[in-house]
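Descriptive structure summary
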Amino acid sequence: MMPRVTKPLTNTEVDKAKTKDKEYNLSDGNGLFLRIKPTGAKAWIFNYYHPVTNKRTSFTIGTYPAITLAQARQKREEYRALLAQSIDPQEYIKQHELLQLQRQNNTFFAISNQWKQKKVSEIKSVTLKSRWRTLEKYAFPYLGDNPIAEITPQQLHDTAIPLFERGVSHTGKLVIALVNEIMNFAVNKGIIEFNKCINVSKAFNVNRTTHHPTIRPEKLPEFMSALRHSHIDLMVKYLIEFSLLTITRPSEAANAQWNEIDFEKSLWNIPAERMKMKKAFTIPLSPQVLKILNKLKNISGR
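Below is a short write-up of the structure. (Residues numbered from 1 in each chain as written. Predicted model: local features only at pLDDT ≥ 70, side-chain atom pairs only at ≥ 80, totals over all residues. Heavy atoms only, no water.)

The next thing to look at is the packing of aromatic side chains. Enumeration according to the criterion identifies 13 aromatic pairs in this entry. With 6.3 Å between their ring centres and 50 degrees between their planes, F109 and W132 make a pair best called tilted. Here W132 lies in helix α5 (residues 125-138) and F109 lies in helix α4 (residues 108-119), a separation of 23 residues in the sequence. Judged by its relative accessible area of 37%, F109 falls in the partly exposed class. (Phe/Tyr/Trp six-rings, centres within 6.5 Å; stacked < 30°, edge-to-face > 60°. Helix = DSSP H or I, 4+ residues; strand = E, 2+ residues; numbered from the N terminus. Buried < 20%, exposed > 50% of the residue type's maximum accessible area, 1.4 Å probe, protein only.)

Right under this line is the structure:
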């Protein structure tokens, strides 16, 4: 006895299929059915044998006309190809949807926020705040909404290159380093398998840092003599001497305030917010420093 051959549906048959008191199916063959409900709704159903249990099961592909006959057939063939590999189409769809959801939730911005929470206990708040501002300004506008798993070296390169072209290569290198740190954080959490952007910095020329020239101690007397006889501003002369005698950074010396000087105890009390390490610091003042400060009072004492 010859096996029954199912005649494929036509677009007209699908479109004109009438409702009945009970739902019924129209077969297109190879497991694809059009189910017509008493309400008039039409849904595509894929019916198959489970590759492990060998039990008959089915699930809804979608509704008509949102999914056309041609689209339903395409999905049917995709599912049949999975079954040929002993893969259950329903499980495959669930896993695919879960991965898509994870990718949407695991954006670069979302993972950056997790990284930020971890760094709170590891680095100073002022440092973290500065790095976060850098990301907000230069990374998030271009990478923030992207799933972290999909960020490519080309994207990071294109994000950083305007900074190098503007001459702010230090900021460009910082952006690349921060993005890589966040990508490595995602690897360690098992969100991505590896960091594709780890070598992006090698695409840019690294300028050798040139430090400010130094002066040897034996040259100081000659320097001080030249300073005193120079035509530079008197305030600048005093500032240089003050900085040398107190051994402070230029920014600390230049921003010294009169209310920080204790003339009675010969001390300079620098508050924490003006120190690089954010700790208050007290410097004993020598007679030479006090002499300079008394001269400065006539200029800036008010």
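Following the structure, the description resumes.
Another aspect to go through is the side chain of N180. Inspection of the secondary structure puts N180 in helix α8 (residues 169-188). Overall, the relative accessible area of 8% leaves N180 in the buried class. Beyond its immediate sequence surroundings of up to four residues, N180 is in contact with L156, N195, C197 and I198. (Contact = heavy atoms within 4.5 Å.)

When the terminal C-alpha atoms of helix α12 (residues 287-300) are compared, their 20 Å separation across 14 residues agrees well with the 20 Å that a helix rising 1.5 Å per residue should span. Residues of α12 that are buried make contact with α10 (234-246) and β5 (261-262). (Expected span 1.5 Å × (residues − 1).)

Locating K119 in the fold gives a position in helix α4. On the basis of relative accessibility, which here comes to 10%, the residue K119 falls in the buried class. A polar side-chain atom of K119 sits 2.8 Å from a polar atom in the side chain of E181. Each residue touching K119, except ones within four places of it in the same chain, is listed here: L128 and E181. (Polar contact = N/O pair within 3.5 Å; in protein donor to acceptor, adjacent residues only side chain to side chain.)

By secondary structure assignment, the location of R249 is in the loop between α10 and α11 (250-254). Along the chain, R249 and E97 lie 152 residues apart, while their C-alpha atoms are 58 Å from each other.

This next bit is on the nonpolar core. Within the largest apolar cluster, 28 residues are counted, with the highest numbers of intra-cluster contacts made by F108, W115, L135, I148 and V179. When residues of this core are traced back to their parent elements, those giving at least two are α4, α5, α6 (140-143), α7 (153-165) and α8. Broken down by element, this core gets its largest block of residues, 8 residues, from α8. Leaving out residues up to four positions away in the same chain, F108 has contacts with A139, F140, L143, G144, N146, I148, I151, V179 and I182. (Core = buried A, V, L, I, M, F, W, Y, C linked by side-chain atoms within 4.5 Å.)

Once that is clear, we can look at the sheet that holds strand β2 (residues 32-36). The strand order across the open sheet formed by 4 strands is β1-β2-β3-β4, and the pairing between neighbours is antiparallel. At either end of the open sheet lies a strand with only one pairing partner, and these are β1 (24-29) and β4 (56-64). Taking the axes of each pair of neighbouring strands and ignoring which way they run, one obtains an average angle of 30 degrees across the sheet. Bridge count between β2 and strand β3 (residues 42-49): 5 bridges; the pairing is antiparallel. Along β3, the bridge assignment pairs I36 with K42. Seen against the sheet, helix α2 (residues 69-84) touches β1, β2, β3 and β4 and runs at an angle of roughly 20 degrees to β3. (Pairing = 2+ DSSP bridges. Axes fitted to C-alpha atoms, helices over the stretch in contact; angles between N-to-C directions.)

A word on a nonpolar patch on the surface. A contiguous nonpolar patch, built from I215, F223 and L244 and spanning about 240 Å² of accessible area, is present on the exposed surface. Within the secondary structure layout, L244 lies in helix α10. Of the residues examined, L244 reaches a relative accessible area of 40% and is grouped as partly exposed. (Patch = residues over 30% accessible without salt bridge, like charges linked within 9 Å, V, L, I, M, F, W, Y side chains within 5 Å. Areas by Shrake-Rupley, 256 points an atom, 1.4 Å probe, with all protein chains shown as cover. Salt bridge = Lys/Arg side-chain N within 4 Å of Asp/Glu carboxyl O.)

Tracing the sequence through the fold places W115 in helix α4. By relative accessible area, W115 is classed as buried at 1%. Through-space distance from the C-alpha of W115 to that of E260 is 39 Å; in sequence the pair is 145 residues apart. Reaching out from W115, the side chain makes a polar contact with the side chain of E181 at a distance of 3.2 Å.

All right, on to the pairing of β2 then. Of the two faces of β2, the one lined by L32, L34 and I36 is fully buried and the one lined by F33 and R35 carries no buried residue. Bridge count between β1 and β2: 5 bridges; the pairing is antiparallel. Within β2, the position partnered with N25 by the bridge is R35. Connecting β1 to the next strand, β2, in antiparallel fashion are 2 residues, including N30 with a positive phi near 55 degrees.

Inspection of the secondary structure assignment puts E13 in helix α1 (residues 11-16). Accessibility expressed as a relative area gives 35% for E13, which makes it partly exposed. Residues E13 and L26, spaced 13 residues apart in sequence, show a C-alpha to C-alpha distance of 9.1 Å. A distance of 2.9 Å separates a polar side-chain atom of E13 from the backbone nitrogen of T10.

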